[in-house]
Amino acid sequence: MKKMIALATMAAMVVSMTACGSKAETATTEAPATEAATETAATEAEAATEAPAANGTLVMATNAEFPPYEYREGDKIVGIDADIAQAIADELGMELQIEDMAFDSIIAAVQSGKADFGAAGMTVTEDRLQAVNFTDTYTQASQVIIVKEGSTVATPDDLKGKRVGVQLGTTGDIYAEDIEDVTLDRYNKGFEAVQALLQDKLDAVIIDSEPAKVFVDENEGLKILDESFTDEEYAICMAKDNTDLLDKVNTALASLKESGKLDEIKAKYISAE
Ligand code: ARG
């Protein structure tokens, strides 16, 4: 029952994401589409769906507010997803270009062809699968609950009637809606939710486990509850009609798993406990 409600909400969200596709803040230029059109003499419409991978550059949509998966180091976007995407591009003999945008714009960017794929610690859900394809999964994850030390919230059940912060459009947001009498505050960045918790504007934050660890390590007085909120898996998303790229990326991912490169990338960003 719980899941069903969340799925219905997700469906509504996917529709609204599709509707505001033009709002995606990608800085993708029109150039690749133009070149593809010239090269293939394709119609404009075809060029739009084929670009930008058509010119040897893979454009990745992400939201670089999610350490250790994607975050900014100076001008550069680094992290597990950035490294995995680079390794995939290398396997395919292509260049990688990363576009940073709001998390809830990623699916629209992929659907509209502004980006070739989305890699953003994105959880595979039934509702997202209606809108995009996902590659094989590359990580197990979970939504966890961050509270202030000394909080009376000790288990997920204690969230009843509480004020909870989430990142807009994430599975934390979707699933937290099912908590009885909850007040949800949605932030553009997960870190903003953590700030609000530190300022006692929230009782808890629901966010993915690895970013939660980073935020709790960086700030005094916070802890992660032992019991997680949900268990999930991450994968890379692609436009439904781009099955050619889906096959290629799955093959590349399999080889990265096989060679140990994937584990190496994860280990670079996540220290063993
Ligand atoms: N795993 C969650 C989801 O898919 C959160 C992902 C947020 N990622 C990000 N780059 N901000 O909804």
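What counts, and at which threshold
Residues numbered from 1 in each chain as written. Predicted model: local features only at pLDDT ≥ 70, side-chain atom pairs only at ≥ 80, totals over all residues. Heavy atoms only, no water. Helix = DSSP H or I, 4+ residues; strand = E, 2+ residues; numbered from the N terminus. Buried < 20%, exposed > 50% of the residue type's maximum accessible area, 1.4 Å probe, protein only. Lys, Arg positive; Asp, Glu negative; His and termini not counted. Salt bridge = Lys/Arg side-chain N within 4 Å of Asp/Glu carboxyl O. Polar contact = N/O pair within 3.5 Å; in protein donor to acceptor, adjacent residues only side chain to side chain. Contact = heavy atoms within 4.5 Å. Near = heavy atom within 4 Å. Areas by Shrake-Rupley, 256 points an atom, 1.4 Å probe, with all protein chains shown as cover. 1 Å grid on protein atoms, 1.4 Å probe; cavity = no way out; pocket = protein on both sides within 12 Å on 5 of 7 lines; lining within 4 Å. Sits in = over half its atoms within 2 Å of the grid points. Pairing = 2+ DSSP bridges. Axes fitted to C-alpha atoms, helices over the stretch in contact; angles between N-to-C directions. Arc of directions from axis to C-beta.

**Student:** When you look at the side chain of glutamate 232 in this model, what are you seeing that I'm missing?
**Tutor:** Assignment of secondary structure puts glutamate 232 in strand β13 (residues 230-234). Buried charged residue glutamate 232 carries no salt bridge. Nearest counter-charge: arginine 128, at 6.6 Å. In this structure the side chain of glutamate 232 is engaged in a polar contact, spanning 3.1 Å, whose partner is the side chain of glutamine 143. Looking at glutamate 232, its side chain comes within polar contact range of the side chain of threonine 230, at 3.2 Å. Aside from chain neighbours lying at most four places away, what touches glutamate 232 is Thr123, Thr139, Gln140, Ala141, Ser142, Gln143, Thr171, Tyr175 and Asp208.

**Student:** Would you explain the environment of aspartate 90 in this entry?
**Tutor:** Residue position: aspartate 90 is located in helix α4 (residues 80-92). Sequence separation between aspartate 90 and alanine 252 is 162 residues; the distance between their C-alpha atoms is 9.1 Å.

**Student:** Would you explain the environment of leucine 222 in this entry?
**Tutor:** Summarising the element assignment, leucine 222 is placed in strand β12 (residues 222-224). Among the residues examined, leucine 222 registers a relative accessible area of 4% and is labelled buried. Apart from the residues lying within four places of it in its own chain, the contact partners of leucine 222 are Ile146, Val147, Lys148, Glu149, Val194, Leu197, Leu198, Phe215 and Val216.

**Student:** Just to check I follow, could you spell out the site of the ligand for this structure?
**Tutor:** Asn63, Ala120, Arg128, Thr171 and Asp208 are the nearest of the 15 residues found near the ligand. Contacts to the ligand include alanine 120, whose backbone N or O atom sits 2.7 Å from a nitrogen atom. One of the backbone nitrogen or oxygen atoms of glycine 121 is found 2.8 Å away from a nitrogen atom of the ligand. In the complex, the protein chains occlude 100% of the 350 Å² of accessible area that the ligand would expose alone. Taking a 2 Å distance to the grid points as the criterion, the majority of the atoms of the ligand fall inside the largest cavity.

**Student:** How do you make sense of the sheet that holds strand β7 (residues 132-134) when you look at a structure like this?
**Tutor:** Neighbouring strands of a sheet are bound in pairs by backbone hydrogen bonds; such pairs are parallel or else antiparallel. One open sheet holds the 5 strands; their spatial order is β5-β1-β6-β14-β7, and the pairing between them is mixed. The open sheet has two edge strands, β5 (95-100) and β7, and neither has a second partner. Where strand β6 (residues 117-118) lies against strand β14 (residues 237-239), 2 bridges are found, and the strand directions are antiparallel. Following the sheet pairing, glycine 118 is matched in β14 by cysteine 237. Sitting on the sheet, α4 is in contact with β1 (57-62), β5 and β6, with an inclination near 150° to β5.

**Student:** Before we go on, may I ask you to explain helix α8 (residues 190-198) in this structure?
**Tutor:** Along α8, the residues that are buried comprise Gly190, Ala193, Val194, Ala196 and Leu197. Buried residues along α8 cover an arc of 160° about the axis, so they all sit on one side. The inward-facing, buried residues of α8 contact β8 (139-148), β9 (163-167), β10 (183-187), β11 (204-208), α9 (209-218) and β12. Where α8 terminates, the next one or two residues include aspartate 200, which has phi positive at roughly 60°.

**Student:** Would you explain the pattern of salt bridges in this entry?
**Tutor:** Pairs may arise between side chains of opposite charge once their charged atoms sit close together. Scanning all chains against the criterion turns up 9 salt bridges. A salt bridge links arginine 72 to aspartate 100; its shortest N-O distance comes to 3.0 Å. Residue arginine 72 is found in strand β3 (residues 70-73), and its partner aspartate 100 is found in strand β5; the two are separated by 28 residues along the sequence. Under the relative-accessibility criterion, arginine 72 is labelled partly exposed at 45%. Here aspartate 100 falls in the partly exposed class, since its relative accessible area comes to 22%. Here arginine 186 makes a salt bridge to glutamate 177, at a shortest N to O gap of 2.6 Å. When its relative accessible area of 34% is taken as the criterion, glutamate 177 is described as partly exposed.

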